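Here is what each chain is made of, one letter per residue.
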Amino acid sequence: MKAKRLMSAAACILAVSMVLSSCGKTQQPLGEADRVTEAGVSIFDAKDKSKNVDAALKREDTIVIGTVEFNGVFSPFYVENQYDKNVVDMMYDNLFDIADDGSMVDGLATHKVSEDGKTITFTLKDVKYWDGTPVKAQDFVTSYKVFADKAYTGPSDYSLAQIKGWDDYYNGDATEIAGVVAKDDKTLEVTVDKAIGPTLEYINIFPTHPSVSYTKGDVSGAQAMSQNPIGTGAYKFVEYKEGESVTLVANDDYYKAAPKIKNVILSVTPTGKELQRVQLGEVDIDFPEASPENVQAGVDAGFIDQYVMSNNGYGYVGINNALSKFDQKTRQALLTALNRDDINEAVYGPYAFTINAPVSNVSWAYSEEGLNKYAYNLEEAAKLLEEAGWTKNSSGKLERDGETLDITFTGMPDHPVLEVMLPVMKQDYESLGITFNIEYTDFPSLVDKVNNHKAEMWFMAWGLTPDPDPKQTYHSEGAQNTYQYSNPETDKLIDEALEETDQKKRKELYKKVWQALNEDVPCMWIYQRCDAWAVNSRVKNLEMSPFRSLFTNLYKAELDNTKA
Amino acid sequence: MAKFLVRRLLQMIPLLLGISIIVFFLTAMMPGDAVDAKVNPNMTQEQILHLKEMYGLTDPIPVRYVKWLVNAVQLDFGDSLTYLKPVTSVINDYMWNSFILSLIAFILQLVIAIPIGIVSATRQYSAVDTAGTVFALLGISLPSFFLGLLFQKIFAIDLQWLPLSGMSTAGANYTGFAHYWDVFLHLLMPILVLSLVSAGAMMRYVRTAMLEVIHQDYIRTARAKGLSEKVVIYKHALRNAMIPVITYIGFSLPTLFSGAMITEKVFGFPGIGKVAYDAIIKRDYPLYIGFTMFVAVLTLLGNLLADILYAAADPRIKME
Amino acid sequence: MNNEKQPKLATGAAGAEMPGRADRGRKKRKEKKTVVESPWAVAFKRLRKNKLAMIGLIALVVITIVCVFGPLFSPYGLNENNLTDRYLSPFSTGRSGNFYLLGTDSTGRDVFTRLLYGGQISLLVGLVAVIIQLFIGIILGGLAGYYGGWVDSIIMRIVDIFLAIPTFPILILLSALMSDMGIPAEYRIYVVMFIIGILSWAQLTRFIRGEILSLREQEFMMATEALGIRDRSRIFRHLIPNVIPQIIVNATLGIGSAILFESTLSFLGLGVTPPMATWGTMVQAVNDSFDFANRPWLWLPAGLMIFITVLAINLLGDGLRDAFDPKMKK
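Let us look at the structure shown here. (Residues numbered from 1 in each chain as written. Chains lettered and ligands numbered in written order. Predicted model: local features only at pLDDT ≥ 70, side-chain atom pairs only at ≥ 80, totals over all residues. Heavy atoms only, no water.)

### Considering the overall build of chain C
When helices and strands are counted, chain C shows 12 helices and 2 strands. Going from N to C terminus, chain C has its helices and strands arranged as α-α-α-β-β-α-α-α-α-α-α-α-α-α. Classification of the 330 residues of chain C by burial places 60% in the buried group. Of all intrachain contacts in chain C linking residues separated by at least 6 positions in sequence, the fraction that spans at least 24 positions is 66%. Taken as a whole, chain C presents about 14,200 Å² of accessible surface, with 66% of it coming from carbon and sulfur. (Helix = DSSP H or I, 4+ residues; strand = E, 2+ residues; numbered from the N terminus. Buried < 20%, exposed > 50% of the residue type's maximum accessible area, 1.4 Å probe, protein only. Contact = heavy atoms within 4.5 Å. Areas by Shrake-Rupley, 256 points an atom, 1.4 Å probe, with all protein chains shown as cover.)

### Some details on the packing of aromatic side chains
Considering all chains together, one arrives at 51 aromatic pairs over all chains under this definition. Centroid distance A:Phe70 to A:Tyr240: 5.8 Å. Interplanar angle 80°. Geometry classified as edge-to-face. In this pair, A:Phe70 is assigned in the loop between strand E3 (62–67) and helix H3 (82–91) and A:Tyr240 in strand E10 (residues 235–241), connecting sequence segments 170 residues apart. In this arrangement the basic side chain of A:Lys216 is found over the ring face of A:Tyr169, its NZ or CZ atom lying 4.4 Å from the centre. In this structure, C:Arg295 is placed above the aromatic ring of C:Tyr87, and the distance from its NZ or CZ to the ring centre is 3.5 Å. (Phe/Tyr/Trp six-rings, centres within 6.5 Å; stacked < 30°, edge-to-face > 60°. Lys NZ or Arg CZ within 6 Å of the ring centre and 35° of its normal.)

### As for the pairing of strand E9 (residues 187–191) of chain A
In regular strands, side chains alternate between the two faces of the sheet. Residues and elements named next belong to chain A. The element E9 is extensively covered by neighbouring structure, given that 5 of its 5 residues are classed as buried. A two-sided burial pattern is seen for E9, the buried positions comprising Thr187, Glu189 and Thr191 on one face and Leu188 and Val190 on the other. The pairing of strand E7 (residues 119–124) with E9 spans 5 bridges and is antiparallel. Note that in E9 the partner of phenylalanine 122 across the bridge is leucine 188. With 4 bridges joining them, strand E8 (residues 180–184) and E9 adopt antiparallel strand pairing. Considered in E9, the bridge of aspartate 184 is made with threonine 187. (Pairing = 2+ DSSP bridges.)

### Here we look at the environment of A:Ser50
Residue and element names in this part refer to chain A. Relative to the elements of secondary structure, serine 50 occurs in the loop between strand E2 (42–44) and helix H2 (54–57). In this structure serine 50 comes out as partly exposed when scored by relative accessible area, which is 43%. Along the sequence, serine 50 and alanine 178 sit 128 residues apart, while their C-alpha atoms lie 61 Å from each other. Looking at serine 50, its side chain comes within polar contact range of the side chain of aspartate 48, at 2.6 Å. (Polar contact = N/O pair within 3.5 Å; in protein donor to acceptor, adjacent residues only side chain to side chain.)

### What about the sheet that holds strand E18 (residues 398–400) of chain A?
Residue and element names in this part refer to chain A. Strand order in the open sheet formed by 3 strands is E17-E18-E19, with antiparallel pairing between adjacent strands. In this open sheet, the two edge strands, each paired with only one partner strand, are strand E17 (391–392) and strand E19 (403–404). For E18 and E19, the ladder comprises 2 bridges, and the chain directions are antiparallel. What sits directly across from glutamate 399, in E19, is threonine 404.

### Here's the deal with the interface of chain B and chain C
Between chain B and chain C, the contact holds 60 residues from the first and 62 residues from the second. Where chain B meets chain C, there are 2 salt bridges. The residue C:Arg206 makes a salt bridge to B:Asp307 at a minimum N-O spacing of 2.9 Å. Listed by contribution, the elements that provide at least two residues to the side of chain B that touches chain C are helix H1 (2–29), helix H5 (127–141), helix H6 (144–158), helix H7 (176–214), helix H9 (229–258), helix H11 (272–281) and helix H12 (285–313) of chain B. Of the residues assigned to the side of chain B that touches chain C, the class counts are 36 nonpolar, 11 polar and 13 charged. (Salt bridge = Lys/Arg side-chain N within 4 Å of Asp/Glu carboxyl O. Nonpolar A, V, L, I, M, F, W, Y, C, P; charged D, E, K, R; others polar.)

Okay, structure coming up:
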């Protein structure tokens, strides 16, 4: 389902932490990965390349990559669906690129930050659009203006960057954004009201070709870019067959290097058939569910390389903290009664692990220091419940102040984790004296119920951005704090960590944030999964990281069509 | 007949209006809306609210209905919230794929079901009848995705005779005849699945109807007159047995255009069925309502067609 | 060999004999008795003699009994998870020492026990949905076809509306409503059965009405009119029995699809929730390529049960159809 597939751009895994809790470190029978890249991707090399299929080898200069679906929205302003985004990533470049470790490095420009940290000056490199027009600083100004326009209805929210004059443009009559100035054709100056940790990430943007029409209040030109894309990217748009495939061709004048593979096609794969399509040679790369069976089948095929890496996100069970029955001790007890390790093992085998804080293990801010592991222990849980004031009444049910502990869990059908977790949860919780009811709804109904705070307990997953800041989700003023968690101490820690600009200092501050959240258990963190890519071994030099899809650096990949 | 037609067509107008009100309200009242469905951990409340306003989701439902209706009568069904282009354009993109699939499957279904149904009836309890019955029951007791998955496994994965999914081979750049052949190979399995699954039901209806008719006196009379068995069956019996088949055909008209969601999902076929289902899941109201109204029109027309055909099949039926 | 002149079975009120009635031959055989049997009784007698139909009936009864009482004899519960005994194949013994007749599923639960519990719900769903559908469909279809004119018009327009309205939004709304009202998940399936029946009567009504439009013009109906038989009688005792074959076909198909439809509903949050099982949801295991190919015990038993049930109903239905037809050579 959608939640489990939310992927996002960026961040990195340090090799050390990877060894401790990494994907690809399998037990039997696959054994250790053959190699682990700097970005923390484990690769199982193909063992018998002679088994490669002609259907794939025939496509000498074309690579076909499987995908889930297309909405056909290829405008960089409006792209929403992550699969449309893969196409956009190949066609458009930004000021900054995302490095393997999730930090921002120079992309289309080099940059200098002022003393007070509030002004960033970009010097543009020599880059041209596909039609030969050179990229100018003014082009970036146009992009910012579209995002700041009140008529803009897309998913990006640049207001988080706190650029000077943003609000005047959005709500007022300003025709320019005060904080965005094109000093000359090659120099762009961006000024923010307040410099925070993620500032560079938040101001990252792409240039808009001068032919795209834009006047304040009229964003139709930006929308039309779906049908008429024009960018600076490594691959140029050729054709979109509705619901079927997208075809792109190499931009030989790409500013970094000419792509080695001439044609790229993204082809829709029906769910569940990803591995089969690679085995048949219909596609060269696809993205099956990271399960032991799939990884094994890929290895068995002989000519498939398996790339396994951590997904930048986590699955959790939300709890409505505002309900009196869910006080801190009770929440801790519920977490202790949840057999997360066995459930994760049952569903994903070695390809998921239990987490105890809302941070991805691929982030630079990851730390396990001082965290309670809440290991599965029913007796411990019973004790905690007792300490919280719950006692068993005459019918064996837990009761406190005249009310029994009833929990209604709202879930979505057709989710592999819930299939295993819910029956186990029900059995364990009821053995403790809790009445556990399960109801199902479809996804938007669930979101609606959760947003209106009508759900007691539910399951969802977050896909994260490179920056580890959890303000929106765990701060009492956070827009996505659907569990209604509120602790002024934690708020302070989160704000402090957000405003610190030195990454080393931030990392220390985040340790405290994770410890605070781990103690409070606002929601029950279940797993962080791995993603697995099945790649035909003829594809070489494929680069990917948990924070940056393989599409961004696809220009570096090449095809070796020999059966060796 | 002309008066009948005109009367029915005029009746369609208030009907469609009523249907549009019901459909609109039902769709708009579903919990969660298009913005909710896009859940994004970094969207601020202001942005969420702003988006809802821009999409018109904060107006009260009756207001939204009137706005929609005013545009709908001018055949403007708004823009899809997922595809960000006009609803009519989205439907047009996907519908014809489904139509081709469904039409061929439907014809195939008739070609299979009617003869087998007839033979089943004329030779009741024979081997053909038993085989036909078992086959039909298999079709209705197993979910349609089962047959699709089975075919995929056998023909695409194990035997590798046919392609696994989609409508054409990516990266092959076929032109001319090779292209049509490629598309044909891709359509083969979905068509077979669709027709086999429904052929069973139609076959049962044909068989039962024929059994009723075959034992009637006028059939005995026809035989006594010395007419060949073939003429007796196909000219005299079949006509009267067609009533339930016609009813069934009437239902099938809208399905020709509304796509087969499950089969399309299994074969990754770019059809309107999955698009419509996704529209519900993502609460893409303009798209879903536009599509439903289109299917509603076809449903009404389908029943009208069936009613006309009844009179043609059985002249004793009087349509008042 | 029967000698009736009437093309169809004409039922008369007790005592009123119609020329050429079905049991004239029977009367000849049983010289002593002059009792008049209603055609319904005649039909049921003939049904008993139909071997296949009896097999179907017995199969249905056995399945029902086993599903209802079987779980009492099983050492396993519906939701006994055992994560060490996952995905065991049939006839195997797990690490815990337990023996599993049909193997275990993804959380180590006994497939056989769940199959039985699942049958309870599936059978009930099929039955309730179809009964409601039949009830509404027969009445409205009969009225519409018989009276024609504006009665037909109104009823058919209502049918049109029901056919045109998409069912998914209704079901999603229903799910949300029940969720808001706090109805426990176990009871929701019953509400759903009811709703399935109500949403599907429209098709059956069209079938019945179509048939009746044709039937009412036939001679035997003119005879009933000449005899001055009441409308209600004419519809329900003369016309409807002749539509029974179609009804039976429809009911057979309907039960199978209702059982399967229930599993589709789970995608919308309306079907059963864990830990409950139904045959429909167990068959869904087929969607996972690996389970489909390598773990057939997860879905094959449930699929087989649905098939056997539908087959049994069908044999019984065929038998009923034949029993009601006076022209059968048997």
